[in-house]
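Listed below, chain by chain, are the residues.
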Amino acid sequence: MTNWEYYKKPNSIDKDKAIELITSSIPDLKKHWDIYKSKEYTDYSTERNDYIDIGEVARYVVVRAKSKKTDGFSSFFDSVEAVLANGDSDTINLVVVGLLEDIQNISSGEKDIDYHTDFDIWLRPKTKEAWEQIIQFWEGEQ
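Residues numbered from 1 in each chain as written. Predicted model: local features only at pLDDT ≥ 70, side-chain atom pairs only at ≥ 80, totals over all residues. Heavy atoms only, no water.

**Concerning the environment of Phe 76**
And then number 1: In this structure, Phe 76 sits in helix H5 (residues 73-86).
And then number 2: Considered as a pair, Phe 76 and Tyr 51 are 25 residues apart in the sequence and their alpha carbons are 18 Å apart. (Helix = DSSP H or I, 4+ residues; strand = E, 2+ residues; numbered from the N terminus.)

As structure tokens, this is what we get:
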């Protein structure tokens, strides 16, 4: 199997549930997310752009990692793992391409973060596999 086919299962977590689960995994992230939505949207339910929005979550994670404020990362990555295990294909794509790849891309510009290994302690099996596939893809190994 290539790309994200391994993860595609017709299960119960859709994009709405995934975003709620992930953004609620850390209390401070939930506050950050609510402020972001109120600044960006008049009506989030009709105006939202999930790939741009999930990038805000990725930026939050990288800022926290850079400042070594990683409390809550276990819960955050548990939520990501749950989505990868139980999400529909569109939701899994959002989390892999939108969130995980954004975390790596944003981290790649930070001299204090090595995205190859610095997140490993929080990555669960499906998340770790997706994480490695992204690296392999961008480094031409896939």
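**Side note on the side chain of Thr 91**
And then number 1: Its place among the elements puts Thr 91 in helix H6 (residues 89-108).
And then number 2: By relative accessible area, Thr 91 is classed as buried at 0%.
And then number 3: In this structure the side chain of Thr 91 is engaged in a polar contact, spanning 2.7 Å, whose partner is the side chain of Asp 88.
And then number 4: Residue contacts for Thr 91: discarding those within four places in its chain leaves Ile 13, Asp 14, Lys 15, Ala 18 and Val 83. (Buried < 20%, exposed > 50% of the residue type's maximum accessible area, 1.4 Å probe, protein only. Polar contact = N/O pair within 3.5 Å; in protein donor to acceptor, adjacent residues only side chain to side chain. Contact = heavy atoms within 4.5 Å.)

**Looking at the packing of helix H1 (residues 15-23) against H5**
And then number 1: In contact at an axis separation of 8 Å, H1 and H5 are set at 165 degrees when each is read in the N-to-C sense. Accordingly, the angle class assigned to the pair H1 and H5 is roughly antiparallel. In this structure, H1 crosses over H5, and the sense of that crossing is right-handed. Together, Ala 18, Leu 21 and Ile 22 of H1 and Phe 76, Ser 79, Val 80, Ala 82 and Val 83 of H5 make up the contact between the two elements.
And then number 2: Here the residues of the contact of H1 with H5 are counted per class, giving 7 nonpolar, 1 polar and no charged. (Axes fitted to C-alpha atoms, helices over the stretch in contact; angles between N-to-C directions. Parallel < 35°, antiparallel > 145°, perpendicular 65-115°, else oblique. Left-handed = near helix turned anticlockwise from the far one by under 90°. Nonpolar A, V, L, I, M, F, W, Y, C, P; charged D, E, K, R; others polar.)

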